[in-house]
Amino acid sequence: MRRSGGRGTPPAGGRGGWPTPPSLDGAGRVVRTPVALYTRFARWLGSAMPKGLYARALIIIIAPIVLLQSVIAYIFLERQYQNVTRRLSSAVSADIAALVDVYQSYPQDADAATLTRIAAERLGLDVDILPPDPLPSPQPKPFFSILDSVLSDEIRKQVARPFWIDTVGRSNLVEIRIQLDKGVMRVIARRSLAYASNSHIFLVWMVGTSLVLMGIAILFLRNQIRPILRLADAAEDFGKGRTPDFHPRGAREVRRAGLAFLEMKRRIERAIEQRTTMLNGVSHDLRTILTRFRLSLALLPDDDPEVDALRKDVDEMSRMLEAYLAFARGDTGEVAIETDIGDLLEDMQVDLERQGHPTTVEINGDPLATVRPDAFRRLVLNLVSNAARHGETIALAVSHDARWLTISIDDDGPGIPAELREEVFKPFVRLDEARNQDEGGSGLGLAIARDIARAHGGDVILQDSPLGGLRATVRVPV
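Keep in mind it's a predicted model, so treat the numbers as computed, not measured.

## Observations regarding the nonpolar core
Membership of the largest hydrophobic core comes to 36 residues, with the highest contact counts inside it found for I341, F376, L379, V380, L383, I407 and I409. Looking at which element gives the most residues to this core, the answer is helix α10 (residues 373-390), with eight residues. If near-sequence neighbours (up to four positions away) are discounted, I341 is found in contact with P367, A369, V371, F376, V398, L405 and I407.

As structure tokens, this is what we get:
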């Protein structure tokens, strides 16, 4: 095949037709532009996103809810929650600072009994004066604890003395030790005095309301998606030649699309009916003329060679007329029913062996499929007749998987060159050099077969056969 262009002709794309080269840095490495990075990210995001409308709609609804709740939780925990904790810790630190000042300023309360009583009754703190031992070694700070860092900052700022703090040892209590001049003051406070411990209530309410809202959204979304799926199933059934039982439902836009589909379906059926009526009229008129020809030829002597040639021409015209009408009609008026393709192939095997062609049939899986039986039989018959015309040995096979029913027809004939296998599906095309078709052929057999297969939502393809000839493969959805 000759290539367009010639040597030196730039291909499409880029300035002057050449593709634009990527930018390079000083070391020769590729530097990606922002547009290239955005395109790459968009492609990755498109491949990672779900392909179904239901899943994408769920993301559109759930993503804003999750984002909004995350922002609210962050603002609450980072701002409000931390501010409340800081204020509570500041109040506890101020109380401790006051106790330290009282103890240091009034030595007449040597055993600190009065100080301990006031701290317990008025401040809710348990205060003890320990011997002047060194403070314990610092404990590792918890990673997620706001209280430890906030309370440490407030004690360091208000008390201004060496201290030791433990916020982990006992879950409901906080222990603080302050180094004094003649001892160590140990203060044990309830955790709730310095820490806003009711934050989980807010989080529970936030998560609970989010789940309720998402449940309601999913329920309503399913009801909105279901009519779209019904419309898609109806369109798919109509494309396979079946009669869909469809009634528009759902939102106004979905109903409008459903009504448009029904109107399109009626127009197609009306056009097919008008074409069929016209073809029946043409067929009747042409058959009447051919009948007159036959009657006129019957009155002529049989030993005349010209009369015999005319009879052959009239018979060929009759065959061609039937082929043309079958191709134009497409057998669209037939109702699709569940058909056993295995029985159909076994009938074909009997006919082929009667004609002297060794034939095998192989069935894998369930051979049942919903098709228009007469039209589908014509499809297989055209392919089998084509194989029998050009080959001696024929192999028929049918297999059934989750989505497709596949029929393969192999022969040991001369085959068709790969570059001409699509050409033979065109109407009135006969490859005499490739397959040596007889002179009576109309060139419509393969065209009719593919037309019927596509009317069922499938297709016919040609490949090399293991027998050395041609393999015709029919695939129709189940």
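## Remarks on the packing of aromatic side chains
The geometry of an aromatic ring pair is captured by the separation of the ring centres together with the interplanar angle, meaning the angle of the planes. Applying the stated rule across the entire model yields two aromatic pairs. Both rings, one in F238 and one in F261, keep their centres 6.3 Å apart while their planes meet at 85°; by these two values the pair is edge-to-face. Of this pair, F238 sits in helix α6 (residues 199-239) while F261 sits in helix α7 (residues 252-298), and the two are 23 residues apart along the sequence. A relative accessible area of 7% places F261 in the buried class. Where F246 meets F261, the ring centres are 5.9 Å apart and the plane angle is 80°; that geometry is what we call edge-to-face. Of the two residues, F246 sits in the loop between α6 and α7 while F261 sits in helix α7, which places them 15 residues apart along the sequence. Of the two residues, F246 and F261, neither departs from the other in class, the shared state being buried. Here a set of aromatic residues connected by ring pairs shows up, and it is made of F238, F246 and F261. Taking the ring centre of F425 as reference, the NZ or CZ of R450 above it sits at 3.7 Å.

## Points about the environment of A119
Structurally, the position occupied by A119 is in helix α3 (residues 113-123). Given a relative accessible area of 0%, A119 falls into the buried group. Other than its neighbours up to four places away in sequence, A119 contacts L99, G124, L125 and V127.

## Concerning the sheet that holds strand β5 (residues 173-179)
Spatially, β3-β6-β5-β4 is the arrangement adopted by the four strands of the open sheet, whose pairing is antiparallel. The outermost strands of the open sheet, each flanked by one partner alone, are β3 (125-130) and β4 (163-166). Neighbour to neighbour, the strand axes of the sheet diverge by 15° on average, direction disregarded. Helix-sheet contacts for α3 involve β3 and β6 (184-190), and the interaxial angle to β3 is about 160°.

Calculation notes
- Residues numbered from 1 in each chain as written.
- Predicted model: local features only at pLDDT ≥ 70, side-chain atom pairs only at ≥ 80, totals over all residues.
- Heavy atoms only, no water.
- Core = buried A, V, L, I, M, F, W, Y, C linked by side-chain atoms within 4.5 Å.
- Buried < 20%, exposed > 50% of the residue type's maximum accessible area, 1.4 Å probe, protein only.
- Helix = DSSP H or I, 4+ residues; strand = E, 2+ residues; numbered from the N terminus.
- Contact = heavy atoms within 4.5 Å.
- Phe/Tyr/Trp six-rings, centres within 6.5 Å; stacked < 30°, edge-to-face > 60°.
- Lys NZ or Arg CZ within 6 Å of the ring centre and 35° of its normal.
- Pairing = 2+ DSSP bridges.
- Axes fitted to C-alpha atoms, helices over the stretch in contact; angles between N-to-C directions.

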